[in-house]
Amino acid sequence: MEKDLQPRFIPFRPTAYPPGEMLERSHSFYELMNRRRTVRDFSDKPVPAELIEQIILTASTAPSGANKQPWTFCLVSDPAIKKAIREAAEKEEYTNYHGRMSDEWLDDLKTLGTNWEKPFLETAPYLIVVFKKSWEQAGAEKLKNYYVMESVGLATGFLLAAIHYAGLVALTHTPSPMNFLQEILKRPENEKPFLLIPVGYPAENAEVPDISRKSLEEVLVRYP
Ligand code: IYR
């Protein structure tokens with residue numbers, strides 16, 4: 001059957017606010033987002049599955065190249081799978097921290113206090129493993145996706161915002177290399193791991209690094 005390749009449009013129904021309210025919303029959203037912190041000390045307090053699934057649905061509203069939505073979110077709460085992920089991640093990280101990362105890189109991480117041990121991979125009630133899909137398998141055919149890194153990066157940004165908005169905390173974790181995730185989670189060949197994100201409540205006495213964000217003047221260039 002021939003594919004229908006005609007453009008198809010529906011009316012756009014924008015959400016409109018009075019100008020004063022727009023400014024107020026931009027301030028309050030900044031206040032909210034500026035309170036987001038990457039957390040490494042997790043509580044094992046359970047998180048309702050419905051809450052985390054709704055958050056993933058929000059992540060999946062992100063824009064993507066040709067609307068291909070080239071992502072899969074693996075949601076892991078099985079303790080045996082979490083343990084396997086922790087063991088594999090720590091094996092790689094041990095090598096990273098003992099010679100694979102440059103001295104400059106290790107120095108850059110000193111203020112964050114990270115090391116090869118990753119207990120949060122078992123403590124956090126959920127691990128979300130984001131996979132990027134370079135292509136879709138349609139029978140024997142491989143259908144290409146576009147701007148996959150950009151698209152999945154955007155979806156992950158939405159994911160982190162939704163986690164924070166719901167009152168949970170997350171860590172954007174990048175064990176490297178992370179092909180072990182594809183094996184442990186038995187993902188097909190067209191899916192490659194992108195980020196590993198433990199999600200949950202912070203531990204009671206959780207601490208975060210004392211770091212600051214760049215000012216507007218440092219990140220903004222105006223024309224004119
Ligand atoms: N993947 C390692 C190292 C690490 C790298 C960066 I760049 C960070 O911002 C934090 C950690 C780890 O997870 O410890």
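Residues numbered from 1 in each chain as written. Predicted model: local features only at pLDDT ≥ 70, side-chain atom pairs only at ≥ 80, totals over all residues. Heavy atoms only, no water.

Enquirer: Report on the site of the ligand, specifying residues and quantitative values.
Expert: Around the ligand sit Arg40, Glu93, Tyr97, Trp105, Leu109, Leu112, Asn115, Lys118, His173 and Thr174, and those are all the residues in its vicinity. Within the side chain of histidine 173, one N or O atom sits 3.2 Å away from an oxygen atom of the ligand. Within the contact set of the ligand, a nitrogen atom lies 3.1 Å away from a backbone nitrogen or oxygen of threonine 174. Out of a free accessible area of 380 Å², the ligand has 72% covered by protein chains. In a pocket analysis with a 2 Å cut-off to the grid points, the ligand is assigned to the largest pocket. (Near = heavy atom within 4 Å. Polar contact = N/O pair within 3.5 Å; in protein donor to acceptor, adjacent residues only side chain to side chain. Areas by Shrake-Rupley, 256 points an atom, 1.4 Å probe, with all protein chains shown as cover. 1 Å grid on protein atoms, 1.4 Å probe; cavity = no way out; pocket = protein on both sides within 12 Å on 5 of 7 lines; lining within 4 Å. Sits in = over half its atoms within 2 Å of the grid points.)

Enquirer: Account for a nonpolar patch on the surface, with residues named and values stated.
Expert: A cluster of nonpolar residues, Leu216, Val219 and Leu220, forms a patch on the protein surface that exposes about 270 Å² of accessible area. With respect to the helices and strands, valine 219 occurs in helix 8 (residues 216-219). Taking the relative accessible area as the measure of exposure, valine 219 reaches 55% and is therefore exposed. (Patch = residues over 30% accessible without salt bridge, like charges linked within 9 Å, V, L, I, M, F, W, Y side chains within 5 Å. Salt bridge = Lys/Arg side-chain N within 4 Å of Asp/Glu carboxyl O. Helix = DSSP H or I, 4+ residues; strand = E, 2+ residues; numbered from the N terminus. Buried < 20%, exposed > 50% of the residue type's maximum accessible area, 1.4 Å probe, protein only.)

Enquirer: Now, about the environment of threonine 172: what can you tell me, with residues and values included?
Expert: Position of threonine 172 among the secondary structure elements: in the loop between strand 5 (169-170) and helix 7 (180-184). Considered as a pair, threonine 172 and valine 199 are 27 residues apart in the sequence and their alpha carbons are 9.4 Å apart.

Enquirer: Explain the pattern of salt bridges to me, and be specific about the residues and the numbers.
Expert: Under the defined criterion, the tally for this structure stands at eight salt bridges. Between lysine 83 and glutamate 87 there is a salt bridge, with the nearest N and O atoms lying 3.2 Å from each other. Here the residue lysine 83 and the residue glutamate 87 both occupy positions in helix 3 (residues 79-100), the gap between them amounting to four residues, near one helical turn. What makes lysine 83 partly exposed here is its relative accessible area of 43%. Classification of glutamate 87 by relative accessible area gives partly exposed; the value is 47%. For the salt bridge of glutamate 90 with arginine 86, the shortest nitrogen-to-oxygen distance reads 3.0 Å.

Enquirer: Tell me what's going on with the layout of surface pockets, and back it up with residues and numbers.
Expert: Taken as a whole, the largest pocket holds about 280 Å³ of empty space. Around the largest pocket sit 17 residues that line it, and Glu93, Tyr97, Leu109, His173 and Thr174 are the ones nearest its centre. For the lining of the largest pocket, the residue count by class is seven nonpolar, six polar and four charged. The calculated volume of the second largest pocket comes to roughly 200 Å³. Along the walls of the second largest pocket sit Arg36, Arg37, Thr38, Arg40, Leu112, Pro209, Ile211, Ser212 and Arg213, which together make up its complete lining. Counted by class, the lining of the second largest pocket contains three nonpolar, two polar and four charged residues. (Points joined across faces, edges and corners; volume = space filled by probe spheres on them. Nonpolar A, V, L, I, M, F, W, Y, C, P; charged D, E, K, R; others polar.)

Enquirer: Mind laying out the packing of helix 2 (residues 49-59) against helix 6 (residues 148-165), listing which residues take part and the relevant values?
Expert: At a closest axis distance of 8 Å, the pairing of helix 2 and helix 6 adopts a crossing angle of 140°. Where helix 2 crosses over helix 6, the two elements pack in a sense that is right-handed. When helix 2 is examined against helix 6, the residues Ile55, Ile56, Thr58 and Ala59 are found in contact with a partner set consisting of Ala155, Phe158, Leu159, Ala162 and Ile163. (Axes fitted to C-alpha atoms, helices over the stretch in contact; angles between N-to-C directions. Left-handed = near helix turned anticlockwise from the far one by under 90°. Contact = heavy atoms within 4.5 Å.)

Enquirer: So what about helix 2? Which residues, and what values?
Expert: Looking at helix 2, one finds that the buried residues are Ile52, Ile55, Ile56 and Ala59. Here the buried residues of helix 2 occupy an arc of 100° about the axis, which is enough to place them on one side. Away from its buried face by more than 90 degrees, helix 2 exposes Glu50 and Leu57. Where helix 2 is buried, its residues meet strand 1 (71-76), strand 2 (126-133), helix 6 and strand 6 (191-200). (Arc of directions from axis to C-beta.)

Enquirer: Tell me about the side chain of histidine 173, and name the residues and values.
Expert: Turning to its location among the elements, histidine 173 is positioned in the loop between strand 5 and helix 7. Classification of histidine 173 by relative accessible area gives buried; the value is 6%. In this view, histidine 173 contacts Glu93, Lys118, Phe120, Leu121, Leu195, Leu196 and Pro198; residues no more than four positions away in its chain are not counted.

Enquirer: Lay out the sheet that holds strand 6 with the relevant residues and their values.
Expert: Spatially, 1-2-6-5 is the arrangement adopted by the four strands of the open sheet, whose pairing is antiparallel. Because the sheet does not close on itself, it has two edges, and the strands there are strand 1 and strand 5. The sheet contact formed by strand 1 and strand 2 spans six bridges and is antiparallel. Residue pairing for strand 2: cysteine 74 is matched across the bridge by valine 129. (Pairing = 2+ DSSP bridges.)

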